[in-house]
Amino acid sequence: MSDPSMRLEQVELRHVRMSLVAPFETSGWVETDRDCIIVTVHGDGVTGWGECVASVEPWYAYETTTTAWHILADFLIPAVLGEKLTGPADAASRWRRVRGHPMAKAGLEMALWDLFARAHGVPLATFLGGVRDRVQVGVSVGVQPSLHALLETVAGYLADGYRRVKLKIKPGWDVDVVRAVRRAHPDLPLQVDANSAYTLDDLPVFQALDDLDLLLIEQPLGHDDLYDHAQLQRHLRTPICLDESILSPDHARWALALGSCRVINIKPGRVGGLGASRAIHDLCQARDVPVWCGGMLETGIGRAANLALASLPNFRLPGDISASARYYARDLVEPPFVLNDDGTMTVPQGPGIGVEVNLRRLEEVTIRREVHSTRASQGCFRGTR
Ligand code: OSB
Ligand code: MG
């Protein structure tokens with residue numbers, strides 16, 4: 001109890017696959033199922049949970065469930081298993097020489113944050129320095145089969161209580177549809193996300209969007225670009241927000257120095273974990289740049305950590321953190337996440353991520369499992385099924 005360090009005794013990886021309540025279409029891909037890796041860590045009789053957000057296919061990021069599994073099993077877990085750790089930052093420093101692979105790192109790091117917060121008996125939000133118990137949230141609306149379907153979908157989410165809407169856009173599904181939603185809802189806080197579908201040649205599209213009173217335009221240009229975004233931002237009043245381009249605190253620093261964006265979408269899964277997320281938050285706060293918490297269609301495990309993070313003070317725009325029912329018929333956690341009447345979600349107040357994992361449900365959706373243990377009887381058992 002007084003010993004601040006903890007010996008990490010076991011790490012379990014589970015590849016889970018859950019069907020989404022509706023297909024989610026972006027400029028570059030469609031998801032009907034959500035795959036992720038659930039990471040469970042054990043030490044000193046405490047269990048911690050994390051979620052690695054890499055997808056099966058490399059359409060959003062270069063990492064996949066397969067590459068993340070490899071990096072976790074062969075490099076990250078061996079760097080910390082059996083070690084006495086003083087905290088999540090200590091763990092992260094032990095795998096610093098693994099280049100890239102922020103999603104793999106984040107899955108394990110988040111589980112360790114949960115483990116240490118639970119060992120201290122405090123909510124993850126408190127452990128991170130959170131300052132609010134409710135977080136403003138919104139909903140991300142995929143490309144729809146028709147404008148009519150889009151207007152219906154948006155109206156449905158507004159009826160559910162969402163107060164901020166993000167529309168996915170792509171060439172041929174941009175100015176006209178966004179203008180139609182703006183006309184239907186003149187006062188709605190509205191933003192768009194292109195997932196890197198455009199180039200600087202599309203300046204007229206962004207100049208037209210610039211007149212539609214949007215909160216921000218998310219990742220219009222290349223997924224790894226910082227330079228062209230700076231050129232585009234000069235021509236627009238609407239803030240550009242970077243998502244895909246920011247994979248670390250250094251990327252955030254470079255983007256702000258270059259003027260590539262005026263807002264940053266922080267996804268812990270994309271930037272290497274909660275420690276890196278907090279570093280980006282602090283950097284932006286010092287420069288008076290607002291941040292908000294993005295999402296990767298997480299299960300309740302990742303969602304709980306996102307809510308804890310979004311309770312930090314410089315999360316000034318609503319997050320892509322929707323209720324469990326917006327994604328899944330049955331979530332992995334109890335209680336499921338629900339939207340409050342005021343368009344917020346409540347930050348869990350129990351120890352760690354503050355929600356219970358439903359182990360029966362977890363078992364149902366697991367398609368591969370592997371246990372890494374220090375126990376001699378198990379060796380480094382890598383059970384698979
Ligand atoms: O670009 O923000 C994105 C989902 C999966 C991958 C990328 C993105 C998204 C979303 C949905 O927009 C956010 C959410 O509700 O989890
Ligand atoms: Mg995005």
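For clarity, every value in this text was computed on a predicted model and none was experimentally measured.

Chemist: Help me get a handle on the state of the cysteines, residues and values and all.
Modeler: One pass over the full model with this rule turns up zero disulfides. Cysteine C241 shares no disulfide, and the gap to the nearest cysteine sulfur, in C261, comes to 7.0 Å. Judged by its relative accessible area of 0%, C241 falls in the buried class. Between C284, a free cysteine, and C261, which holds the nearest cysteine sulfur, the sulfur-to-sulfur gap is 7.2 Å. Of the residues examined, C284 reaches a relative accessible area of 0% and is grouped as buried.

Chemist: An account of the packing of helix α3 (residues 102-120) against helix α11 (residues 274-286) is requested, with residue identities and associated values reported.
Modeler: At a minimum axis distance of 8 Å, the contact between α3 and α11 shows a crossing angle of 90°. Comparing the axis directions of α3 and α11 gives the class roughly perpendicular. Taking contact as the criterion, the partners of E109, M110 and W113 in α3 are, on α11, L274, G275 and R278. Within the contact of α3 with α11, the residues separate by chemical class into three nonpolar, one polar and two charged.

Chemist: Could you give me a rundown of the environment of A180, with the residues and numbers involved?
Modeler: Relative to the helices and strands, A180 is located in helix α6 (residues 175-184). Taking the C-alpha atoms as reference points, A180 and L147, 33 residues apart in sequence, are found 8.2 Å from one another. In contact with A180, other than residues within four places in its own chain, are L147 and L151.

Chemist: Can you tell me about the sheet that holds strand β4 (residues 46-52), naming the residues and giving the values?
Modeler: Taken together, four strands build an open sheet; the order of strands is β4-β3-β2-β17 and the sheet is antiparallel. Bordering the open sheet on either side are β4 and β17 (366-373), each of which pairs with just one other strand. Adjacent strand axes in the sheet meet at a mean angle of 25°, parallel and antiparallel pairs treated alike. Note: strand β2 (residues 10-25) against β17, seven bridges, orientation antiparallel. Residue pairing across strands places E12 opposite V371, the latter belonging to β17. Sheet strands touched by helix α1 (residues 65-80): β2, β3 (30-43), β4 and β17. Its angle to β2, the strand with the most contacts, is close to 160°.

Chemist: I'd like a description of the sheet that holds strand β12 (residues 263-266), backed by residues and values.
Modeler: A sheet is described by the order of its strands in space; here seven strands give the open sequence β7-β8-β9-β10-β11-β12-β13, paired in parallel fashion. Only two strands of the sheet have a single neighbouring strand rather than two, namely β7 (139-141) and β13 (291-293). Looking at chain direction, β7 and strand β8 (residues 165-168) are connected through three bridges and run parallel. In the strand pairing of β8, V141 is matched with L167.

Calculation rules
- Residues numbered from 1 in each chain as written.
- Chains lettered and ligands numbered in written order.
- Predicted model: local features only at pLDDT ≥ 70, side-chain atom pairs only at ≥ 80, totals over all residues.
- Heavy atoms only, no water.
- Disulfide = S-S within 2.5 Å.
- Buried < 20%, exposed > 50% of the residue type's maximum accessible area, 1.4 Å probe, protein only.
- Axes fitted to C-alpha atoms, helices over the stretch in contact; angles between N-to-C directions.
- Helix = DSSP H or I, 4+ residues; strand = E, 2+ residues; numbered from the N terminus.
- Parallel < 35°, antiparallel > 145°, perpendicular 65-115°, else oblique.
- Contact = heavy atoms within 4.5 Å.
- Nonpolar A, V, L, I, M, F, W, Y, C, P; charged D, E, K, R; others polar.
- Pairing = 2+ DSSP bridges.

Read these as layout, nothing more, since geometry by itself doesn't imply function.
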